[in-house]
Amino acid sequence: MTIRIRSAEDRRREIQENAARLGIDEAFISDLVDTFYTRVRAHPLLGPVFEGEIGDHWAPHLATMKDFWSSVAMNTGRYSGKPFPAHMKLTGITPAHFNIWLALFRLTLEDLTSNAETVDYFMERANRIARSFQLGMFELGT
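Presented here is an overview of the structure given in this document. (Residues numbered from 1 in each chain as written. Predicted model: local features only at pLDDT ≥ 70, side-chain atom pairs only at ≥ 80, totals over all residues. Heavy atoms only, no water.)

Now for the nonpolar core. Ranked by size, the top nonpolar core spans 36 residues in total, and within it Ile 24, Tyr 37, Trp 69, Trp 101, Phe 105 and Phe 122 carry the most contacts. Looking at this core, the elements with two or more residues in it are α1 (8–21), α2 (26–42), α3 (46–54), α4 (58–74), α6 (95–112) and α7 (116–139). Counting residues per element, this core draws most heavily on α7, at 8 residues. Apart from the residues lying within four places of it in its own chain, the contact partners of Trp 69 are Ile 29, Val 33, Met 74, Trp 101, Phe 105, Phe 122, Arg 125, Ala 126 and Ile 129. (Core = buried A, V, L, I, M, F, W, Y, C linked by side-chain atoms within 4.5 Å. Buried < 20%, exposed > 50% of the residue type's maximum accessible area, 1.4 Å probe, protein only. Helix = DSSP H or I, 4+ residues; strand = E, 2+ residues; numbered from the N terminus. Contact = heavy atoms within 4.5 Å.)

Below you can see the structure in the form of structure tokens.
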């Protein structure tokens with residue numbers, strides 16, 4: 001059995017080629033983030049959480065989220081922050097918030113693309129991120 005060791009550059013190129021094949025580019029990510037957070041802000045449970053934390057600073061938050069999802073979906077390396085500490089300081093968050101967030105994210109993806117593989121690609125990553133946050137916020141501290 002031959003083991004092929006890929007360089008980080010090779011892996012990045014493969015991820016970016018796959019993303020392009022799925023129709024994922026910076027324009028798609030920008031549309032996804034803008035549409036999704038418009039819906040989040042209007043949601044009766046999620047909206048107040050985000051408004052309470054972000055207030056009048058939506059433009060920088062949206063730019064950060066575009067960098068984040070560009071890095072997650074296309075391995076661009078545009079995001080280098082640490083999202084977990086920001087979420088740990090939130091109060092009143094329950095696992096239900098994550099379920100709603102994920103459902104709204106899926107709905108937004110389904111509205112923006114008819115490609116089920118693209119939806120699955122993002123949802124795999126979103127579910128993994130949500131699970132990681134939930135482990136840290138609710139399960140590891142108990």
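Having seen the structure, we can now continue with the description.
So, on to the side chain of His 97. Structurally, His 97 can be placed in helix α6. Accessibility expressed as a relative area gives 10% for His 97, which makes it buried. His 97 has contacts with Leu 45, Leu 46, Val 49 and Gly 92, leaving out every residue within four places of it along the chain.

Now for the pattern of salt bridges. Tallied over the entire structure, the rule returns 13 salt bridges. A salt bridge links Arg 11 to Glu 14; the shortest N-O distance between them is 4.0 Å. Placement of both Arg 11 and Glu 14 in helix α1 is noted, with a separation of 3 residues, approximately one turn of the helix. Overall, Arg 11 belongs to the partly exposed group, its relative accessible area being 39%. Of the residues examined, Glu 14 reaches a relative accessible area of 26% and is grouped as partly exposed. One salt bridge connects Glu 110 with Arg 106, and the closest N-O pair in it is separated by 3.5 Å. Here Glu 110 pairs with Arg 106, and both are found in helix α6, just 4 residues apart, close to one helical turn. Under the relative-accessibility criterion, Glu 110 is labelled partly exposed at 43%. Salt bridges linked by common partners bring Arg 4, Arg 6, Arg 11 and Glu 14 together as one network. (Salt bridge = Lys/Arg side-chain N within 4 Å of Asp/Glu carboxyl O.)

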